[in-house]
Amino acid sequence: MNLSSRKARTVSIIAFILSLIFFVFTLVYGAFAGILPMHLLGWQILAGLLVWVVLIAQFYQRALAEQEKLDMSQLSKTVQQETIFSGGADRMALLAVAQKRLQFFEKWILPFAAVFIGLYQIVMGLFLFYNKVLVNMGTVPRDPLVGAVLMVAISFVCFLFSRYSTGMSAEKEWKPLRAGGSYLLTVAILGFILAASLALANYKMPQGLLLLNYAIPWLMVVLGAEILLNAILDIYRPRVPGEYSRTAFDSRLLGLFNEPGGLLHTVAHTIDYQFGFKVSQTWFYKLLEKAVLPLILFAALVLYLMSSFVVIGPGYAGVVEYYGTPVRDIGAGIHVKYPWPIEKVYIYPTDQIQQISIGYKEGEKDNEKKAFLWGEKHYEEEYNLLVAVDTGTKQEQGAVPVSIVQANVPIQYRIKDMRAFLYNYRDDKEDQSNAEEKSDGEKLLESICYRELTRFAASARIEMDEGGGMDLQKSLLGAGRLEAARELQNRIQKSVDQAGLGVEIVTLGLQGVHPPPEVAKEYEAVIASLQQKQATVLEALAQRNRTLTELGGSIADVDALYEMSINYERTKEQGSVQTDEMQKMLQKAITQVKGKIFSTLRAAESDAFERANLAKGDGLRFGGQLQSYQASPEMYLRIQRLLMLEEALENVRKYVVVAEKDDSQVFILDLQESLKDSLYEMGLGLDEQK
């Protein structure tokens, strides 16, 4: 009997030694040279190393079992002449120790080994992702071309040995070698991709390395999950005596790449079972089985050549790079270029208005909110700003002259010079280590906006100043936000132009400035008191303006008159010779002022004129009375007495009786007024008839 398992064991030992060497080399050199994907690949090689350890043990047990069968067959020839009572069969069964050990190994050890390998890949993949990939993304590889050459050599050896072991697995006795061959092929494929990525990284194109940083750990997680799933399904999968039972760590996913025809065989057997005829025997299936690899390669080539065509939509423009050097600008339409990575195109919307959010970060549900209230949170994240508080009064002990506000400032911009936006601040080292969505120009623009907003807020105020006036360019919560937005936009545009970024700031919204929601009520109380103070100050100013306007007709005239009076008093105190001249100028200015001053002066002049004329008239009248008295004192006295009686008895009925001195005739006068007319007093018109 040919001991075939010994050859498979030898192949497994050689593969184990190669895997161990490659594991140590990639692990150490990857860490030393700063090539993170090579370091990660070393841990994937360790998974294949564990598989080869299990295969060595399995084929060792198989070799022992085969040797035992050979010995038992030789022993059975010597006891052929014995009778049935000799117990030869029982003795043979007792000697089959290696076969029982092999059965125990394949029934129990292989499943537990598969579970261990699966758990290792899951745990190690997650550990590498969170503790290596996310932490060491900024590492820059040293001598990437040397690493590429070494990875090509490792990948070539792994590829040859994987093909050799996979070819051996076509035999029934060597089927387990397929699992190790699949892991070696995985290392070969990842190694070739890593070598190409290192070569591109030498030309400032680190995208391949960035992709491998994520792909290798998650590939380990996926393969580990598949092994655990296979181990669970193996519990319920029926065993057919004499048929090969595929182990759980023999990955079905890796088998698709290791044996491309295996997938077609599976599909063909499924169709044969469903339709009842041999699809695998048709000419189309045989043609497809032979041409599947050329078709895949042709499709990959067509897809690669499609990178030579670039379609740019309306409102967009692009810059073509030849090995990282910009060579030409292209506009909207279909363009032809060299395939990737020889030439690459960066496309940006030059006519489209773009927006960046300064001071906040939007969430998925933030667009649904309509009301903008101080007491509510508006966005997923909002950042605080320090604003100066200068009240002009003595601060309380322990109080700081600053306040905290939150500014939600959307800034809309347009790219006016795409080359300046792309290349003036392009960091090649950062391009090698980061794969962020924002370009360097966008990050610089965002940094400038944050810097100018912080500077502006540090010199701004929340509301009016103590003097009652409004500094419109520095008021964030008051009526000066429009002017503040213009001032901030001008500052940002000036900084962007000085940086040569090639960006035009279209609009800047400063309406979203508000206090933190936790202290919104306290802010409102402070703002209310400030507004009350401002209202009082403005009311006093209005009363002052109203009073001055009523007095002098205009505030300017009153201010000029006040200044002139101050100068007059100053020259008067100094005893200057210009005092009289200043007095005349002041009097002239007073006479020209309108308003209450004008009316009061005119009323005073009219009253003075009236009093002077009345006094003058009284003097002239007194002189005339004196002359009349001197001419006839008695007559003057009688006339004056009669005038007095006339004036005093103006509303009293008077009777004048003229009689001589010696006349003795008596006149009886009834001075009582009759309330009613008597009959005798009624005139009947008789006297008129006579």
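Reading the values: the criteria
Residues numbered from 1 in each chain as written. Predicted model: local features only at pLDDT ≥ 70, side-chain atom pairs only at ≥ 80, totals over all residues. Heavy atoms only, no water. Helix = DSSP H or I, 4+ residues; strand = E, 2+ residues; numbered from the N terminus. Buried < 20%, exposed > 50% of the residue type's maximum accessible area, 1.4 Å probe, protein only. Contact = heavy atoms within 4.5 Å. Phe/Tyr/Trp six-rings, centres within 6.5 Å; stacked < 30°, edge-to-face > 60°. Lys NZ or Arg CZ within 6 Å of the ring centre and 35° of its normal. pLDDT = per-residue confidence, 0-100. Pairing = 2+ DSSP bridges. Axes fitted to C-alpha atoms, helices over the stretch in contact; angles between N-to-C directions. Salt bridge = Lys/Arg side-chain N within 4 Å of Asp/Glu carboxyl O.

So, the environment of Ser19
When you line up the elements, Ser19 lands in helix α1 (residues 4-33). Residue classification places Ser19 among the buried residues on the basis of a relative accessible area of 3%. Placed 165 residues apart in sequence, Ser19 and Leu184 show a C-alpha to C-alpha distance of 8.4 Å. Contacts of Ser19, omitting those with residues within four sequence positions, involve Ile45, Leu49, Trp52 and Leu184.

Examining the packing of aromatic side chains
In total, this model carries eight aromatic pairs according to the counting rule given. For the ring pair Phe25 and Tyr29, a centre distance of 5.5 Å and an interplane angle of 5° mean the geometry is stacked. Taken as a pair, Phe25 and Tyr29 lie in helix α1 at a separation of four residues, close to a single helical turn. Residue class for Phe25 comes out partly exposed when judged on its relative accessible area of 30%. Ring-pair connections join several aromatic residues into one group, and the members of that group are Phe129, Tyr130, Tyr214 and Trp218. If you follow Arg142 out to its NZ or CZ, it ends over the ring of Phe32, 5.4 Å from the centre.

Digging into the environment of Val187
Counting through the fold element by element, Val187 comes out in helix α6 (residues 177-201). Sequence spacing of Val187 and Ile154 is 33 residues, and the spatial spacing of their C-alpha atoms is 8.7 Å. With sequence-adjacent residues up to four places away left out, Val187 is seen in contact with Ile45, Ser155 and Cys158.

Some remarks on the confidence of the model for the chain
Interpretation of the predicted coordinates at a detailed level should be avoided for regions scoring low in pLDDT. Summarising the model, the chain shows a mean pLDDT of 76, and 72% of its residues fall at 70 or more. Here residues 428-436 is a poorly scored stretch, pLDDT under 50, and it has 18 contacts once near neighbours within four places are set aside; other chains count. Here residues 464-472 scores under 50 on pLDDT; set against residues more than four positions off or in separate chains, the count is 17 contacts.

Some points on the sheet that holds strand β3 (residues 325-330)
Strand order in this open sheet of three strands is β3-β2-β5, and the pairing throughout is antiparallel. The sheet terminates laterally at β3 and β5 (343-349), the two strands that pair on one side only. Strand-to-strand, the axes of this sheet are offset by a mean angle of 25°, without reference to chain direction. Examined bridge by bridge, strand β2 (residues 316-322) and β5 share seven bridges and lie antiparallel to one another.

A look at the pairing of strand β1 (residues 309-312)
On β1, burial follows the alternation: Val310 and Ile312 on one face are buried, whereas Phe309 and Val311 on the facing-out side are not. Pairing geometry for β1 and strand β4 (residues 333-336), over four bridges, is antiparallel. Residue pairing for β4: Val310 is matched across the bridge by His335.

Details of the pattern of salt bridges
Under the definition given, this model contains 12 salt bridges. With a closest N to O distance of 3.1 Å, Arg246 and Asp250 form a salt bridge. Asp250 sits in the buried class, given a relative accessible area of 0%. A salt bridge links Arg621 to Asp618; its shortest N-O distance comes to 3.6 Å. Of the two residues, Arg621 and Asp618 both sit in helix α18 (residues 596-631), three residues apart, roughly one turn of that helix. Residue classification places Arg621 among the partly exposed positions, given a relative accessible area of 48%. In the salt-bridge network here, residues are joined through shared partners; they are Arg178, Arg246 and Asp250.

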